[in-house]
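So you can see what is in the structure, the chains are spelled out below.
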Amino acid sequence: MKRKSLLAMLMVFAGFQVYQARAQTSFEGINLTNGRDLFFKGANENPTDAGDIVFQKTNGEELTRIRSHFDGGTGLASIYFSSTPLIKSTFLFTGEGNLGIGSSVPLTRLDVQPPLGNISTGVFRSNGEQSWGHALALVTDKAAGDDPKLLFSYRNRTKQWSIGGTQNSTTFNIMEDGGDGFHGSGFGAARLTVMPGGNVGIGTSNPQAKLAVEGNILAKEIKVKTDINVPDYVFEPDYDLKSLEEIEHYVKANKHLPEVPSAKQIQADGLDLAEMNLLLLKKVEEMTLQLIQMNNEMKKQAEKIEGQAEKIQLLEKR
């Protein structure tokens, strides 16, 4: 009897071991109720990892795995998502809340490493129907403080450009040298500024016109459209054309032509190109009329001189 009881106990124990082995290798799911936790424990008191959750095909080929990792230096725990037992992390969540994609040490909330091959690191797609085409939004929720911007770093952080806001402003800017090429350590110098309402400044952060340029402009062609009347009225018969004597008197007294702004006015208010060009055209037209008048007077004088010369010749023949 004792032998039979012992044999029965061995069979039950062996059956439990077989069941336990099967449970470790194949099951349909885990059902946790009443707030129960699922624990994965390491092999000692200070493990660097507490084991992996491995996903395999039915033939045992590994697809991916999840590993919990503890860094004794920082005291932070991380979760790796990997496609290899060697843990070349595809995704990494750190205890600080940082997410790394292709990065094993994410230093910011999102750290994305370049992919293999000649393809883009990231693509933001739009279906053409959401949020008026806003595929990416950079937002500052505080009423005051630093405004959001994008930082671009070139040649191993030797050159930086950024686009966005500055601080407590409502402007949009393109700024040069605004950081150390990684986190950003300054706003940089604004090279282009767009003000609320549409004023654009190049080289100035406070444009007072639709386009304000602090510096030189090189252009192949500039066309100015204006609603100022072209001064063809100068050629109307009733136009009051000033005589050269009147202009001479005005120039001696004012040191500039009538209607033309003085040097002090231009220095203080600037020069309106459209207005000045039309004003110069008006002066050219007035000068043309004055030359025509002078030419007609010279013709009359020439005819008079010629008539007097003929009379003198007749008198000499007598």
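Keep in mind the model is a prediction, meaning the values are calculated, not measured.

Rules used throughout
Residues numbered from 1 in each chain as written. Predicted model: local features only at pLDDT ≥ 70, side-chain atom pairs only at ≥ 80, totals over all residues. Heavy atoms only, no water. Salt bridge = Lys/Arg side-chain N within 4 Å of Asp/Glu carboxyl O. Helix = DSSP H or I, 4+ residues; strand = E, 2+ residues; numbered from the N terminus. Buried < 20%, exposed > 50% of the residue type's maximum accessible area, 1.4 Å probe, protein only. Pairing = 2+ DSSP bridges. Axes fitted to C-alpha atoms, helices over the stretch in contact; angles between N-to-C directions. pLDDT = per-residue confidence, 0-100. Contact = heavy atoms within 4.5 Å. Polar contact = N/O pair within 3.5 Å; in protein donor to acceptor, adjacent residues only side chain to side chain. Phe/Tyr/Trp six-rings, centres within 6.5 Å; stacked < 30°, edge-to-face > 60°. Patch = residues over 30% accessible without salt bridge, like charges linked within 9 Å, V, L, I, M, F, W, Y side chains within 5 Å. Areas by Shrake-Rupley, 256 points an atom, 1.4 Å probe, with all protein chains shown as cover. Expected span 1.5 Å × (residues − 1).

Chemist: Would you mind going over the pattern of salt bridges with me for this structure?
Modeler: It is possible for side chains bearing opposite charge to pair when their charged atoms get close. This structure, assessed with the given rule, holds nine salt bridges. When the shortest N-O distance is used, the salt bridge between Lys159 and Glu176 registers 2.3 Å. Of the two residues, Lys159 is situated in strand E8 (residues 159–164) and Glu176 in strand E9 (residues 172–176); the sequence distance between them amounts to 17 residues. Using a relative accessible area of 15% as the deciding quantity, one classes Glu176 as buried. Put simply, Glu259 and Lys283 hold a salt bridge, and the shortest N to O gap is 3.0 Å. Here Glu259 is found in the loop between helix H2 (244–254) and helix H3 (263–269), whereas its partner Lys283 is found in helix H4 (residues 273–317), with 24 residues between them in sequence. The class for Glu259 is partly exposed, based on a relative accessible area of 48%. Residue classification places Lys283 among the buried positions, given a relative accessible area of 9%. Through salt bridges with shared partners, one network takes in Lys159, Glu176, Asp177 and Arg191.

Chemist: What is the right way to read unusual backbone geometry from this model?
Modeler: Phi is mostly negative for residues that are not glycine, and the peptide bonds are mostly trans. You will see that Arg155, though not glycine, has its phi angle at about 45 degrees, which is positive. Take Arg155: it is sitting in the loop between strand E7 (149–154) and E8. One non-glycine residue, Asn156, lies in the positive phi region at around 60 degrees. Checked against the element boundaries, Asn156 lands in the loop between E7 and E8.

Chemist: Is there a simple way to think about the sheet that holds E9 in this case?
Modeler: Strand pairing in a sheet is mediated by backbone hydrogen bonds. Such pairs are either parallel or antiparallel. Here we have six strands laid out as an open sheet, ordered E7-E8-E9-E10-E11-E12, and mixed in their pairing. Only two strands of the sheet have a single partner each, and these edge strands are E7 and strand E12 (211–213). Along the sheet, successive strands turn relative to each other by an average axial angle of 15 degrees, direction set aside. As judged from the three bridges shared by strand E10 (residues 189–194) and strand E11 (residues 200–202), these two strands associate in the antiparallel manner. Bridge pairing links Val194 to Val200 in E11.

Chemist: I'm lost on the confidence of the model for the chain in this one. Help?
Modeler: For residues with low pLDDT, the predicted coordinates do not support detailed interpretation. With 81% of its residues at a pLDDT of at least 70, the chain reaches an overall mean of 81. Counting contacts from residues 10–25, a segment whose pLDDT is below 50, to residues more than four positions away or on other chains yields zero contacts.

Chemist: Even after reading the chapter, I still don't get the environment of Ile101, so can you show me in this structure?
Modeler: Tracing the chain through its elements places Ile101 in strand E5 (residues 99–101). Since its relative accessible area comes to 29%, Ile101 is described here as partly exposed. Separated by 13 residues in the primary sequence, Ile101 and Pro114 place their C-alpha atoms 9.0 Å from one another.

Chemist: When you look at the environment of Gln265 in this model, what are you seeing that I'm missing?
Modeler: One can find Gln265 in helix H3. Residue classification places Gln265 among the partly exposed residues on the basis of a relative accessible area of 41%. Within the structure, Gln265 has its side chain in polar contact with the backbone nitrogen of Ser262 (distance 2.8 Å).

Chemist: Looking at this structure, how should I read the packing of aromatic side chains?
Modeler: Two aromatic rings are characterised by how far apart their centres lie and by the angle between their planes. Under the defined criterion, the tally for this structure stands at one aromatic pair. Aromatic pair Tyr233 and Tyr239: ring centres 6.1 Å apart, planes at 55 degrees, arrangement tilted. The class for Tyr233 is partly exposed, based on a relative accessible area of 38%.

Chemist: Teacher, can you tell me more about a nonpolar patch on the surface here?
Modeler: A grouping of Phe124, Leu136, Leu138, Leu150, Phe152 and Tyr154 is seen on the molecular surface, where their side chains present a nonpolar patch of about 580 Å² in accessible area. With respect to the secondary-structure elements, Leu138 resides in the loop between strand E6 (110–112) and E7.

Chemist: Hey, could you run me through the side chain of Gln290 in this one?
Modeler: Assignment of secondary structure puts Gln290 in helix H4. The contact partners of Gln290, leaving out residues within four places of it in the chain, are Leu241, Lys242, Leu244 and Ile247.

Chemist: What am I meant to see in the side chain of Asn98 here?
Modeler: Locating Asn98 in the fold gives a position in the loop between strand E4 (89–94) and E5. Among the residues examined, Asn98 registers a relative accessible area of 3% and is labelled buried. Side chain to side chain, Asn98 and Arg109 meet in a polar contact 2.6 Å long.

Chemist: Would you mind going over H4 with me for this structure?
Modeler: The periodicity of an α-helix, 3.6 residues per turn, causes residues three or four places apart in sequence to face the same way. Between its first and last C-alpha, H4 extends 65 Å over 45 residues, near the 66 Å set by a 1.5 Å rise per residue. All of the buried residues along H4 are Ala274, Met276, Leu278, Leu279, Lys282, Lys283, Glu285, Glu286, Leu289 and Gln290. Buried residues along H4 sit against H2 and H3. Where H4 begins, one side-chain oxygen reaches toward the backbone nitrogen of Ala274, 3.2 Å away; that side chain belongs to Asp272.

Chemist: I would appreciate a short explanation of the pairing of E7 in the present structure.
Modeler: Side-chain positions along a regular strand alternate between the two faces of the sheet. Note that E7 and E8 share six bridges and pair antiparallel. The residue bridging Phe152 from the neighbouring strand is Trp161, located in E8. What sits between the antiparallel neighbours E7 and E8 is a turn of four residues, in which Arg155 has the positive phi angle 45 degrees.

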